[in-house]
Amino acid sequence: MTRSGSCQISFADVEFLAQGVRLEPTLQAISDFIDQHGHLIDKVRRDLERGLKNPKTGRNGLTAQQVMRSLILMRIKNWDYRELRERIADGYTLRRFTRFYRDCVPKHDAFNRSFNRLTAETLETINAIVVKAAVDMGLENGKKLRVDTTVVETDIHHPTDSTLLWDAVRVVTRLVGQLDELLPDGVPGFTNRTRSARRRMQEIQRMTPRERSQQLVAKYRELIFTTGQVVENARLVLKKTQGIRSVDLMTDIAINATRKEIDHYCGLAERVIDQARRRVLDGEQVPNQQKIFSIFETHTDLIKRGKILKPVEFGHKVFIAESAQGLITQYRVLDGNPCDDVHVGSSLKRHQEIFGEAPSVYSGDRGFFSRDNIQECKDGGVELVCIPQRGGKKTPDQQAFEKSPAFKNAQKFRAGIEGRISVLFRGRGMKRCLAEGREHFELLVGAAVLANNLMVIARLLIEKHNRRRKRAA
């Protein structure tokens, strides 16, 4: 059960607060902002109570306040679950920020379970409310907008056909072994071929260029044949054990869950076998949309952005739009590897919905360039469209425009979004998603953006307060 109310402060907590224990200014500003916008907590509470038959009964869990504040703290500090738990338990100031006060801080897995109950849609809604609140408070006027795309990696190894085949063999074999331990009479007639598959995979990985030209196809044929045998035997095991039940109800549930996993990974293994056969044995060039890059993170996309140090990346492309003060007003996790120029029109319309008017300056790199986008921005009311021309010979007017001081200053402003992306990667944990699944991937991006926006709002509120104090002095 999730507690719907806030934790009650004890007399000891009140006395301790009276001694002058205060949060650092940034966390205090974020805490005050959350207190002033209590409807943000209601969004979190709905997710925590989703699917519960009676949320008001059962053992007390984390409150919505504690979940949201702990998630924000985790992303601000870029801690893992264990460090988050230890830091909150050790420091009274962090206990105050997260609203634990004197209560026992639960184990790290309790935070994990609570965070995973949140949805990406909820965080997107909360981010929209936070941005709107910043606009209503006069912290951002939306006169400038800069856009860019980046790639957030999924937690996979570099995929090759041989390693994917090996992954399929070892996972299916491991699951069949688990089923063997659960069934009363064990699993009939399954041969463990992990040793053979591992040797073939390692031989392929260690080949010299000369050996590859002579032995690659033969070794792959052996590895594909071994993987096919493992999948066929696993399917046969599922067929033979279809009607077997256990006396113990919990064991019976575990048997059904393991059988579903075996069937799931057998399907993925068959896709990997078909992919390897088409690419290596038949010499076919398989489109990226038909490829599978991980049997664990099947949603992973292959992305080529022309980077010298990273010509190929595995994850998802993320579109980001940032205002002049550093607020990320828009973000989207994209499917595949779409061209950047398709986002200009939609981002401009979204900016108009948030601020009520088009930005005076719309800035992006040359990937966002197209004649239609330039014209659409001008028709939408943008005074300066700062997107360098991509390809083709520049006209004298275009050359003069790109050499003008206004264009150069707008490009300097555009470069700031690279620093924002770097902060999201290094400081907010958005470089690589360690959680499994597309939903958790989008949850990470949304949490990182929320932490960034709250940090920016806190900085602006502190600066505004300091200016008032100087005027008063």
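What you are looking at is a predicted structure, and each value in this text was computed from that prediction instead of being measured.

Colleague: Describe the overall build of the protein, with residues and values.
Modeller: Counting secondary structure elements, the protein contains 17 helices and seven strands. Here the C-alpha coordinates of the protein stretch approximately 85 × 75 × 35 Å along the principal axes. Looking at the 473 residues of the protein, the share that counts as buried comes to 48%. Within the protein, residue pairs in contact and separated by at least 24 positions form 71% of the contacts whose partners lie at least 6 positions apart. Within the structure as shown, the protein displays about 24300 Å² of accessible surface, and the carbon and sulfur contribution to it stands at 48%. Put simply, the protein has 80 plus and 59 minus side-chain charges, and the middle of one group is 3 Å from the middle of the other.

Colleague: Kindly report on helix α7 (residues 108–116), identifying the contributing residues and their values.
Modeller: Listed in full, the buried residues belonging to α7 are Ala110, Phe111, Ser114 and Phe115. Burial along α7 is one-sided: seen end-on, the buried residues are contained in an arc of 130 degrees.

Colleague: Tell me about the pattern of salt bridges, and name the residues and values.
Modeller: The tally for this structure, following the rule as stated, stands at 32 salt bridges. One salt bridge in this structure joins Asp35 and Arg99, with 3.0 Å as the shortest N-O distance. Placement of the pair is Asp35 in helix α2 (residues 25–36) and Arg99 in the loop between α6 (92–98) and α7, with a sequence separation of 64 residues. The exposure class of Asp35 is partly exposed, given its relative accessible area of 40%. The shortest N-O distance in the salt bridge between Glu322 and Arg146 comes to 3.1 Å. In this pair, Glu322 is assigned in strand β3 (residues 313–323) and Arg146 in strand β1 (residues 144–154), connecting sequence segments 176 residues apart. Neither residue differs from the other here; Glu322 and Arg146 are each classed as buried. What emerges from the salt-bridge pattern is a single network uniting Glu153, Asp155, Lys310 and Arg432.

Colleague: Break down a nonpolar patch on the surface for me, citing the residues and quoting the values.
Modeller: Judged by side-chain polarity, Leu249, Met250 and Ile253 come together as a nonpolar surface patch covering roughly 340 Å² of accessible area. With a relative accessible area of 57%, Met250 lands in the exposed category.

Colleague: Any details on the packing of aromatic side chains? Residues and values, ideally.
Modeller: Considering all chains together, one arrives at seven aromatic pairs under this definition. Arranged with centres 5.9 Å apart and planes meeting at 35 degrees, the rings of Tyr81 and Phe115 form a pair that is tilted. With Tyr81 in helix α5 (residues 81–90) and Phe115 in helix α7, this pair connects stretches of sequence that are 34 residues apart. A relative accessible area of 2% means that Phe115 is categorised as buried. Ring centres of Phe401 and Phe407 lie 5.0 Å apart, and the angle between their planes is 70 degrees; this geometry places the pair in the edge-to-face category. On the basis of relative accessible area, Phe407 is assigned to the buried category, the value being 4%. Members of the aromatic cluster, each reached through a chain of ring pairs, are Tyr81, Phe100, Phe111 and Phe115. Seen from the ring of Phe97, Arg69 lies directly overhead, with NZ or CZ sitting 5.6 Å from the centre. In this structure, Lys144 packs its charged tip against the face of Phe413, placed 5.2 Å from the ring centre.

Colleague: I'd like to hear about unusual backbone geometry, residue by residue, with values.
Modeller: Leaving glycine aside, a negative phi is the common case for residues, and trans is the common case for peptide bonds. One non-glycine residue, Asn78, adopts positive backbone phi at about 60 degrees. Along the polypeptide, Asn78 turns up in the loop between α4 (64–77) and α5. At Tyr101, a position not held by glycine, the phi torsion is positive, near 50 degrees. Secondary-structure assignment places Tyr101 in the loop between α6 and α7.

Colleague: Help me get a handle on the nonpolar core, residues and values and all.
Modeller: Among the nonpolar cores identified, the biggest contains 46 residues, and Val44, Leu73, Leu84, Phe111, Ile126 and Val130 are the most heavily contacted of them. Listed by contribution, the elements that provide at least two residues to this core are α2, α3 (39–49), α4, α5, α6, α7, α8 (120–136) and α17 (438–472). Ranked by residues supplied to this core, first place goes to α17 with nine residues. Residues contacting Val130, with those up to four places away along its chain left out, are Phe33, Leu40, Leu450, Asn453, Leu454 and Ile457. Counting 37 residues, the second largest nonpolar core, distinct from the first, contains Val176, Val187, Leu216 and Tyr220.

Colleague: So what's going on with the side chain of Thr300? Which residues, and what values?
Modeller: Looking at the secondary structure, you find Thr300 in the loop between α12 (249–281) and β2 (301–303). By relative accessible area, which is 4% here, Thr300 ends up buried. A polar atom in the side chain of Thr300 sits 3.0 Å from the side chain of Thr154. With residues up to four places along the chain from it excluded, the contact list for Thr300 reads Thr154, Ile156, Phe293, Phe314, Gly315 and His316.

Colleague: Account for the packing of α3 against α8, with residues named and values stated.
Modeller: As a packed pair, α3 and α8 sit with axes 10 Å apart at the nearest point and diverge in direction by 175 degrees. As judged from the angle between their axes, α3 and α8 are roughly antiparallel. Contact residues: His39, Leu40, Lys43, Val44 and Asp47 in α3; Thr122, Thr125, Ile126, Ile129 and Val130 in α8. The residue makeup of the contact of α3 with α8, split by class, is five nonpolar, three polar and two charged.

Colleague: Tell me about the pairing of β1, residues and numbers included.
Modeller: Burial of β1 is extensive: 10 of the 11 residues sit out of reach of the surface. Note: β1 against strand β5 (residues 361–363), three bridges, orientation parallel. Looking across to β5, one finds that Arg146 is bridged to Ser363. The pairing of β1 with β3 spans nine bridges and is classified as antiparallel.

Colleague: Talk me through helix α13 (residues 344–355); I want residue IDs and the actual numbers.
Modeller: Relative to the 16 Å expected for 12 residues at 1.5 Å per residue, α13 spans 16 Å between its end C-alpha atoms, a close match to the ideal helical length. Within α13, the full set of buried residues consists of Val344, Gly345, Ser347, Leu348, His351, Ile354 and Phe355. The elements touched by buried residues of α13 are α8, β1, β3, β4 (328–333), β5 and α14 (371–379). Phi for Gly356, located one or two positions after α13, is positive at around 85 degrees.

Thresholds, definitions, all that
- Residues numbered from 1 in each chain as written.
- Predicted model: local features only at pLDDT ≥ 70, side-chain atom pairs only at ≥ 80, totals over all residues.
- Heavy atoms only, no water.
- Helix = DSSP H or I, 4+ residues; strand = E, 2+ residues; numbered from the N terminus.
- Buried < 20%, exposed > 50% of the residue type's maximum accessible area, 1.4 Å probe, protein only.
- Contact = heavy atoms within 4.5 Å.
- Areas by Shrake-Rupley, 256 points an atom, 1.4 Å probe, with all protein chains shown as cover.
- Lys, Arg positive; Asp, Glu negative; His and termini not counted.
- Charge placed at Lys NZ, Arg CZ, Asp CG, Glu CD.
- Arc of directions from axis to C-beta.
- Salt bridge = Lys/Arg side-chain N within 4 Å of Asp/Glu carboxyl O.
- Patch = residues over 30% accessible without salt bridge, like charges linked within 9 Å, V, L, I, M, F, W, Y side chains within 5 Å.
- Phe/Tyr/Trp six-rings, centres within 6.5 Å; stacked < 30°, edge-to-face > 60°.
- Lys NZ or Arg CZ within 6 Å of the ring centre and 35° of its normal.
- Core = buried A, V, L, I, M, F, W, Y, C linked by side-chain atoms within 4.5 Å.
- Polar contact = N/O pair within 3.5 Å; in protein donor to acceptor, adjacent residues only side chain to side chain.
- Axes fitted to C-alpha atoms, helices over the stretch in contact; angles between N-to-C directions.
- Parallel < 35°, antiparallel > 145°, perpendicular 65-115°, else oblique.
- Nonpolar A, V, L, I, M, F, W, Y, C, P; charged D, E, K, R; others polar.
- Pairing = 2+ DSSP bridges.
- Expected span 1.5 Å × (residues − 1).

Everything listed is a geometric property; what it means functionally is a separate question.
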